[in-house]
Amino acid sequence: MILALLFALTLLVMLLPLLPALHEWIRPSDVVPLQIDERDALDPPFLANSFAARIDDALRQNASHLGDSVLVRFVAPHSTAALPLMEQEIAARRSERLWHITGDATLPVHMGFYAEVASSAMLTTAEQGVYRALWAAGTLQLTARTTVLRWAHGLKVRVAEGCQLAGRLTAQEWLGVAPGVKFKLLHAPLIQFADRLPRPARQAEQCSAITSWPSHVQWDAIVGRGIA
């Protein structure tokens, strides 16, 4: 009798954590499938393009926020100009404000940016920097061991060695990736993996010189080469 009681108590203790799952299995509460935006699923640069449209609207309206993020406008007199960081941001080594930089910009070292950073021209990260999302109208340069948490986009994108790209990385024209880069999704008309990356313009010229492929070969933009 005692053994049966102990067995029943043990079984009850084991089943208690499973009761919510059993209830959901018997009577599902999610009667509607999760909706996935078709544009996002089929268009890898969708997030970047949507962000660009939203920030353009915010700038035109002289808005102080974009969503829940404070929007900071900064005109860079030159690429190494210091961003007007607040003292608490410098002390914490993190900024949660959204930055829009007019002109070329090189982001400061020892700072994490946990809202989007956008540049109207070239944008260069700091080595070992951590960023939520990056957008550049010109070239985006991810220096060594840069971490991107969500997405990054540029006209041309150069990825140095050891970068970690947790989300998607897209480019309008050219994307170059050095060794040791961890990524989930890359998308561009031309993607090149190489120990030493050529200048994007030069690579684009080499590609444009190829006017046709043999009938049994197709160009694969993901791996950046012809596939037989």
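Residues numbered from 1 in each chain as written. Predicted model: local features only at pLDDT ≥ 70, side-chain atom pairs only at ≥ 80, totals over all residues. Heavy atoms only, no water.

### Things to note about the packing of aromatic side chains
The geometry of an aromatic ring pair is captured by the separation of the ring centres together with the interplanar angle, meaning the angle of the planes. The following threshold applies: Pairing of aromatic side chains here covers Phe, Tyr and the six-membered ring of Trp, requires ring centres within 6.5 Å, and sorts the geometry by plane angle: under 30 degrees stacked, over 60 edge-to-face, intermediate tilted. Counting from the N terminus, the helices are DSSP H or I runs at least four residues long and the strands are E runs at least two residues long. Think of it in three bands: with a 1.4 Å probe and only protein chains considered, a residue is buried below 20% of the maximum accessible area for its type, exposed above 50%, and partly exposed in between. Whether a charge sits over a ring depends on NZ of Lys or CZ of Arg being within 6 Å of the ring centre and within 35 degrees of the ring normal.
Enumeration according to the criterion identifies 4 aromatic pairs in this entry. For the pair W99 and F113, a centre-to-centre distance of 6.5 Å together with 80 degrees between the ring planes defines the contact as edge-to-face. You can see W99 sitting in strand β4 (residues 98–102) and its partner F113 sitting in strand β6 (residues 112–119), a full 14 residues away along the chain. Under the relative-accessibility criterion, W99 is labelled buried at 0%. Taken together through their ring pairs, the aromatic side chains of W99, F113 and Y131 make up a single cluster. The residue whose ring lies beneath R94 is Y114, and the NZ or CZ to ring-centre distance is 4.1 Å.

### Looking at the pattern of salt bridges
The condition is simple: Here, a salt bridge means any Lys or Arg side-chain nitrogen found within 4 Å of an Asp or Glu carboxyl oxygen.
Scanning the model with the defined rule gives 6 salt bridges in all. Here E96 makes a salt bridge to R94, at a shortest N to O gap of 2.9 Å. For E173, the salt bridge is made with K156, and the minimal N-O distance between the two is 2.7 Å. Taken together, the positions of E173 in strand β10 (residues 164–177) and K156 in strand β9 (residues 147–159) put the pair 17 residues apart, joining distant regions of the chain.

### Considering the pairing of β10
How we decide: Any two strands with at least two DSSP bridges between them are considered paired.
Among the 14 residues of β10, 10 are classified as buried, and the element is accordingly described as predominantly covered. As paired elements, β9 and β10 share 10 bridges and run parallel to each other. Pairing of G154 across the sheet is with A171, part of β10. Bridge count between β10 and strand β11 (residues 182–187): 5 bridges; the pairing is parallel. Pairing of T170 across the sheet is with H187, part of β11. As paired elements, β10 and strand β12 (residues 191–193) share 3 bridges and run parallel to each other.

### Notes on the layout of surface pockets
Going by this rule: Put plainly, a pocket is an open set of points on a 1 Å grid over the protein atoms alone with protein on both sides within 12 Å along at least five of seven lines, a cavity is a set where a 1.4 Å probe fits but cannot get out, and a lining residue has an atom within 4 Å of a point. Grid points are joined across faces, edges and corners, and a volume is the space filled by probe spheres set on the points.
Considering only enclosed or pocket space, the largest pocket measures out at about 180 Å³ in volume. Lining the largest pocket are L47, S50, F51, R54, L66, G67, D68, S69, E116, R132, R150 and W151. Contributing elements (two or more residues each) for the lining of the largest pocket: α4 (46–60) and β9. The greatest single-element share of the lining of the largest pocket, amounting to 4 residues, is contributed by α4.

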